[in-house]
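What the coordinates show
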Amino acid sequence: GIEERSGIDDADAVLGFRSLNAIVDMMIGLVAVVLVFFSIGAVVAARRVAKVPTVRLVSTKQPPELSIGTGITWHLFLSHIWSTGQD
């Protein structure tokens, strides 16, 4: 059947740790390592996003405010390279 245990010896018998403090210390260490990896990933992602080129006005260095006329649904920005687009 099912045996119910309670006591300090359970940590050693079931999990292989000498005490509950060893388990808590291990968990705190693992959480700290995960936080370090997350922080590094967040910094790398923020730096990558900061390098993404954007269209900005020369006069204000802000993105242009695009307005659209009544009854028009889409804007179109068409760009091509002369060497591949027209010969």
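So, how was this worked out
Residue positions within a chain follow its written sequence, with the count starting from 1. With the structure being a predicted model, the display of local features is reserved for residues of pLDDT at least 70 and the display and counting of side-chain atom pairs for 80 or more, all residues being used for whole-chain, interface and lining totals. Calculation of side-chain values draws on the structure's entire complement of heavy atoms; hydrogens and water are dropped beforehand. Where helices and strands are cited, they refer to DSSP runs of H or I of at least four residues and of E of at least two residues respectively, numbered from the N terminus. Think of it in three bands: residues with accessible area under 20% of the maximum for their type are buried, residues over 50% are exposed, and the middle band is partly exposed, with areas taken using a 1.4 Å probe on protein chains only. Only the protein chains shown count as cover for residues, and all accessible areas are computed by the Shrake-Rupley method using a 1.4 Å probe. To count toward a patch, a residue needs a relative accessible area over 30% and no salt bridge; like charges are then connected within 9 Å, while nonpolar side chains (Val, Leu, Ile, Met, Phe, Trp, Tyr) are connected within 5 Å. We define a salt bridge as a contact between a side-chain nitrogen of Lys or Arg and a carboxyl oxygen of Asp or Glu at a distance within 4 Å.

For the protein, the count of helices and strands is three helices and zero strands. Seen in sequence order, the protein has helices and strands lined up from the N terminus as α-α-α. Taken over 87 residues, the protein has a buried fraction of 3%. Working note: accessible area of the protein is about 8,800 Å², and carbon and sulfur atoms make up 64% of it.

For the rest of this paragraph, the subject is a nonpolar patch on the surface. Among the surface-exposed residues, Val 36, Ile 40 and Val 44 lie close enough to one another that they form a single nonpolar patch of about 250 Å² accessible area. Its place among the elements puts Ile 40 in helix α2 (residues 20-50).

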